[in-house]
Amino acid sequence: MGFEGEEAAAPGLRVAIEFYGEKAERLSRRAKELEEELGSVREEMSQTFVTRDQLSRALAEIGAGTAPGSLHDRDLSGLIT
């Protein structure tokens, strides 16, 4: 009698296996998309940190009066007439 119940459950189990197989494939594709997006975000974040650090150094140089091209660094003798 138990064997008949197992046979009756088989079609439902096949449907469930197909459902979860498709779901696993969708989730796998989504994970790949998110990993690619995360890579792009990490790259942009790295570039942002570099820009921030460059601007911070420039501000520090301005505050110290050592900025490239500042009046302290220029030869102004040719401008005096």
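Structure: see above.
Numbering of residues begins from 1 in every chain and follows the order in which that chain's sequence is written. Per-residue local features are limited, in this predicted model, to residues with pLDDT of at least 70; the limit for side-chain atom pairs, both in listing and counting, is 80 or more; totals at the level of whole chains, interfaces and linings are taken over all residues. Calculated side-chain values reflect all of the structure's heavy atoms, with hydrogen atoms and water omitted.

**Topic: the overall build of the protein chain**
As a reminder, the rule being used: Strands here mean DSSP runs of E at least two residues long; helices mean DSSP runs of H or I at least four residues long; both are numbered from the N terminus. Buried residues are those whose accessible area, probed at 1.4 Å on protein chains only, stays under 20% of the maximum for their type, while exposed residues exceed 50% and partly exposed ones sit between those limits. Using a 1.4 Å probe, accessible areas were evaluated by the Shrake-Rupley method; residue-level cover was limited to the displayed protein chains.
Secondary structure assignment for the protein chain yields one helix and zero strands. Expressed as a percentage of its 81 residues, the buried residues of the protein chain come to 2%. Carbon together with sulfur atoms contributes 60% to the accessible area of the protein chain, which is approximately 7500 Å² in total.

**Describing the packing of aromatic side chains**
To keep it simple, the criterion reads: Working definition: rings of Phe, Tyr and Trp (its six-membered ring) pair if their centres are within 6.5 Å, and the pair is stacked with planes under 30 degrees apart, edge-to-face with planes over 60 apart, and tilted otherwise.
Applying the stated criterion to the full structure yields one aromatic pair. Centre to centre, the rings of phenylalanine 19 and tyrosine 20 are 4.9 Å apart; their planes meet at 85°, and the pair counts as edge-to-face. When its relative accessible area of 42% is taken as the criterion, phenylalanine 19 is described as partly exposed. Of the residues examined, tyrosine 20 reaches a relative accessible area of 53% and is grouped as exposed.

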